[in-house]
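Take a look at the letters that make up each chain.
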Amino acid sequence: MKNISVVAREIFLLLKRDGVFFVFFLFCFFSLFFSNLAVSSSLNFSKKLFFDVGLFCYHFLGLFVAFFWGNKILSDSFAGGSLACRLSLGICRREFFLGAFFALCMVQLLVGFFYIILWQGVMHFLGFSWLGKALFLFYSQTLLWFVLAAVSFFWSSFLSFNFSLLGSLLVWFLGMTSKASFEALQGEDVNIVSRGLSFFLSSFWDLSVFNIQYFDLSDHKLLISIGARLFLQAASIVFVFLSLGVFLFQRRDIG
Amino acid sequence: MLLVKNLTKHFQIGFIRKKHVFSLDGVSFFLKKGELAHLVGANGSGKSTTLKIIMGLMKQDAGEIFFEEKLLTEKDRKNIAYLPEKIYPFLSLTPEEYLSFFLSYSRAFLGKKNFAKEIKYSLLWAELQKERWQIPLKFLSKGSRKKVLWAEVFLSQAKLFILDEPFCDLDESFRLKTLSWIEQKRKEKESSFLLCTHYREEFFLNPSQVLFIENGRLK
């Protein structure tokens, strides 16, 4: 446990030096730019429109951090020799892998926290009310960030940066569209294999469940049950991908 | 202290039509406590592969490694210090930070004050100018980076030192200093050394055994 925490601290410092927080400023700039665009182009500017722009940017903020830095951490440690140096100190590969993942999660949490504070500040400045229960949408998006970070770690455990980034993007795209594909197949005359595969993807790998915009946010009990279900789903997906990642990572030669 | 038994590793390329590239073929040797061994060979003869397998960076296809009469595990590597050849890791960290993390990993309970003391002592020993202690490694010269790695070796309380091309990129005065440090450590008879080298001048160290490796086989 001690080694995992030291790896996490070390990788966090490296991520910070690598400019991971710069992406936060970039997205703050973009979200303010887009919201300004929405204000000037819409006839009836509403809180909903402003909020949607913020949430959209929030989604991509975490996605970028998870994909680019998630894939970079392990690739860099392979190429630069950091991993070789740490393993020679008696740190298990599993500890390094998990420590690096926690470091990325820490970065994501910090980035998300500051983004929400900033966004709430801007909304308040413009005369809108507090986010309140709408914060729940940010919670579900943050869970999705962790899932995508685990996906990136899984791919980069056995592939180089370019291929693992490509793999992560494809898997993310599949997750966002799997449910829609399955629903499109309903009633169509397709073979059982395609239907089975599509069913599996739409049940296990359906990332659209984290997009809960269309639920009734006023129902307190419903929110708690959805929150718990989403948490369990995210935790199980993260567990599966990290376990597979550790398994593959332990078998890879460090050249 | 270190027993390497019949170490074998095959390298192949290609997924379908596999092409054999290189093999490490039944490498065996024994290193006693307090001994210094030189692993000598041409480029691509298998020196670094042998060291990487010992350090757990590569998995062998066959063979076993014993450390202090027990099968070598990941945890045992705490007692082995490794100086890589051309690896300069964590380039965004400063020498002080790099060594501080090293101490956090390798020492269980050491206060921050003691950390700072030890780091200062080791960097002074490594003859790294004070103004470079807080500059990220990526801005330092190759020789200065190597000195930081040597400071790490100096801080290490390992029983076995595996040094891959330890003297390249070093200036003359520091090279002599490291040679005398190795000599002193050997006299204490507590540590063993496995040196991987191309250069004849390192033979001044008067090794206990010289292991010649050619095409993956010990001669």
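Structure's up top.
In this text, all values refer to a predicted model and were calculated from it rather than measured experimentally.

When you go through chain B residue by residue, the secondary structure sums to five helices and 10 strands. Expected size for 219 residues packed as a compact globule is a radius of gyration near 17 Å; at 18 Å, chain B falls within 12% of this value. Overall, the C-alpha framework of chain B stretches about 55 × 45 × 35 Å when taken along its three principal axes. Per element, the accessible surface of chain B, about 11,100 Å² overall, is 52% carbon and sulfur.

Here we come to the sheet that holds strand S8 (residues 192-197) of chain B. Each strand in a sheet pairs with its neighbour through backbone hydrogen bonds, running either in the same direction (parallel) or in the opposite one (antiparallel). All names here are of chain B. In space, the six strands of this open sheet follow the order S6-S7-S8-S3-S9-S10, with mixed pairing throughout. A single partner strand is all that each edge strand has here, and the edge strands are strand S6 (80-83) and strand S10 (217-218). Sheet analysis places strand S3 (residues 36-41) next to S8, joined by five bridges and oriented parallel. Looking at the pairing, Leu36 lines up with Phe193 of S8.

All names here are of chain B. As summarised here, the arrangement of the four strands in space is S2-S1-S4-S5, forming an open sheet in which the pairing is antiparallel. Every interior strand has two partners, whereas the edge strands, strand S2 (19-31) and strand S5 (70-71), have only one. Note: strand S1 (residues 2-13) against S2, nine bridges, orientation antiparallel. Along S2, the bridge assignment pairs Leu3 with Phe30. Strands S1, S2 and strand S4 (62-67) of the sheet are contacted by helix H1 (residues 47-54), whose axis makes an angle of about 65° with S2.

It is worth spelling out a nonpolar patch on the surface at this point. A surface patch of nonpolar side chains, about 680 Å² in accessible area, is lined by A:Phe22, A:Leu26, A:Phe29, A:Phe30, A:Phe33, A:Phe34 and A:Leu37. Position of A:Phe34 among the secondary structure elements: in helix H2 (residues 22-41).

Let us now look at the state of the cysteines. Going through the model one piece at a time under the given rule, you end up with zero disulfides over all chains. Here A:Cys57 is not cross-linked by a disulfide; its sulfur's nearest cysteine counterpart is in A:Cys28, at 9.1 Å.

We now examine the interface of chain B and chain A. Frequently, the measure chosen for interface size is the accessible area removed from exposure when the parts meet. At the interface, 30 residues of chain B touch 28 residues of chain A. In total, about 2,700 Å² of surface goes out of reach between chain B and chain A, with carbon and sulfur atoms giving 57% of it. Three residues, B:Leu57, B:Phe90 and B:Tyr105, lead the burial of chain B against chain A; their summed loss comes to 30% of the area buried on that side. In this structure, the connection of chain B to chain A is made through one salt bridge. We note a salt bridge from B:Glu97 to A:Arg17, for which the minimum N-O separation is 2.8 Å. At the surface where chain B touches chain A, the tally comes to four residue pairs in polar contact (both at pLDDT 80 or more). Secondary structure elements with two or more residues in the side of chain B that touches chain A: S6 and helix H2 (95-106) of chain B. Among the residues making up the side of chain B that touches chain A, the classes are represented as 16 nonpolar, four polar and 10 charged.

Right, let's talk about the packing of aromatic side chains for a bit. Across all of its chains, the model carries 35 aromatic pairs over all chains by this definition. A ring pair is formed by B:Trp181 and B:Phe193, whose centres lie 6.2 Å apart and whose planes are at 85°; its orientation type is edge-to-face. Of this pair, B:Trp181 sits in helix H5 (residues 172-188) while B:Phe193 sits in strand S8, and the two are 12 residues apart along the sequence. Both residues of the pair, B:Trp181 and B:Phe193, count as buried. Members of the aromatic cluster, each reached through a chain of ring pairs, are B:Tyr121, B:Trp125, B:Trp150, B:Phe154, B:Phe161, B:Phe167, B:Phe174, B:Trp181 and B:Phe193. Sitting over the face of the ring of A:Phe247, A:Arg251 holds its NZ or CZ atom 4.0 Å from the ring centroid. If you follow B:Lys147 out to its NZ or CZ, it ends over the ring of B:Phe174, 5.5 Å from the centre.

Cut-offs used in this document
- Residues numbered from 1 in each chain as written.
- Chains lettered and ligands numbered in written order.
- Predicted model: local features only at pLDDT ≥ 70, side-chain atom pairs only at ≥ 80, totals over all residues.
- Heavy atoms only, no water.
- Helix = DSSP H or I, 4+ residues; strand = E, 2+ residues; numbered from the N terminus.
- Rg over C-alpha atoms; globule rule 2.2 N^0.38 Å.
- Areas by Shrake-Rupley, 256 points an atom, 1.4 Å probe, with all protein chains shown as cover.
- Pairing = 2+ DSSP bridges.
- Contact = heavy atoms within 4.5 Å.
- Axes fitted to C-alpha atoms, helices over the stretch in contact; angles between N-to-C directions.
- Patch = residues over 30% accessible without salt bridge, like charges linked within 9 Å, V, L, I, M, F, W, Y side chains within 5 Å.
- Salt bridge = Lys/Arg side-chain N within 4 Å of Asp/Glu carboxyl O.
- Disulfide = S-S within 2.5 Å.
- Buried area = accessible area lost by both parts, 1.4 Å probe.
- Polar contact = N/O pair within 3.5 Å; in protein donor to acceptor, adjacent residues only side chain to side chain.
- Nonpolar A, V, L, I, M, F, W, Y, C, P; charged D, E, K, R; others polar.
- Phe/Tyr/Trp six-rings, centres within 6.5 Å; stacked < 30°, edge-to-face > 60°.
- Buried < 20%, exposed > 50% of the residue type's maximum accessible area, 1.4 Å probe, protein only.
- Lys NZ or Arg CZ within 6 Å of the ring centre and 35° of its normal.

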